[in-house]
Amino acid sequence: MKLQLRKIHPLLLLLIFSASLAALQSCEMKGSINGKLDGQWHLMSILDIETGVSTDKTDDDRYYNFYQHTCVLSTSGSVIDPPKTFGGNMVYDYPSLTLDFPDDNVYTLMRFGLDGNTTHFTIEKLTDHELVMRSAISVLTLYKL
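Residues numbered from 1 in each chain as written. Predicted model: local features only at pLDDT ≥ 70, side-chain atom pairs only at ≥ 80, totals over all residues. Heavy atoms only, no water.

Caption draft 1: The side chain of Ser138, seen in detail. By secondary structure assignment, the location of Ser138 is in strand S9 (residues 138-144). From its side chain, Ser138 meets the backbone oxygen of Gly113 in a polar contact 3.2 Å long. In contact with Ser138, other than residues within four places in its own chain, are Ile46, Leu47, Ile49, Gly113, Asp115 and Met133. (Helix = DSSP H or I, 4+ residues; strand = E, 2+ residues; numbered from the N terminus. Polar contact = N/O pair within 3.5 Å; in protein donor to acceptor, adjacent residues only side chain to side chain. Contact = heavy atoms within 4.5 Å.)

As structure tokens, then:
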């Protein structure tokens, strides 16, 4: 009887190990595909290229959230102005970045430094904490949270 249990025991362990390995392989977690760009960024300033005027946005609480193929713009809101979010599509191939917000108000998007519903950027600087990107009309500086 002991001999049969010893033969079954290693086979049982092998079966459990195989089942565990198969379960782990089937659980796929989506990770960062955009490297340092992924994450939440606080909009710090908007430089108007035509006029040379830089507008400080530090206190405006406007955020860019990059993940996978999406960009979500958000505000933290206040008592009289509730928080808002705007979802868009993103195409990123360093140093090129295109943001597309097809259903959102152009005026609202301009408050985030965007040219319109679709804005093309060239990333001038990207570190773990700072992002500088240039469009046709502005240069945005953002700080990663």
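Now that the structure is up, let's keep going.
Caption draft 2: Just unusual backbone geometry, in detail. Pro95 follows Tyr94 through a cis peptide bond whose omega is 5°. Note on placement: Pro95 falls in the loop between strand S5 (84-93) and strand S6 (96-100). If you check the backbone angles, Asp61 has positive phi at about 50° while not being a glycine. Here Asp61 is to be found in the loop between strand S2 (54-56) and strand S3 (62-67). For Asp61, a relative accessible area of 27% translates into the label partly exposed. In this model, Gln68 sits at a positive phi of 55°, which is unusual for a non-glycine residue. With respect to the element layout, Gln68 can be found in the loop between S3 and strand S4 (70-75). (Buried < 20%, exposed > 50% of the residue type's maximum accessible area, 1.4 Å probe, protein only.)

Caption draft 3: A look at the pairing of strand S1 (residues 39-48). Of the strand pairs in this sheet, S1 and S3 are connected by four bridges, and their pairing is antiparallel. What sits directly across from Trp41, in S3, is Tyr64. Where S1 and S9 come together, seven bridges link them in antiparallel fashion. The partner of Ser45 across the bridge, within S9, is Thr141. Of the pairings in the sheet, the one linking S1 to S2 comprises three bridges and is antiparallel in character. Paired with Ser45 across the strands is Asp56, a residue of S2. Counting the residues in the hairpin turn of S1 and S2 gives five residues, including Gly52, whose phi is positive at 80°. (Pairing = 2+ DSSP bridges.)

Everything listed here is a matter of coordinates, which is why it stays silent on function.
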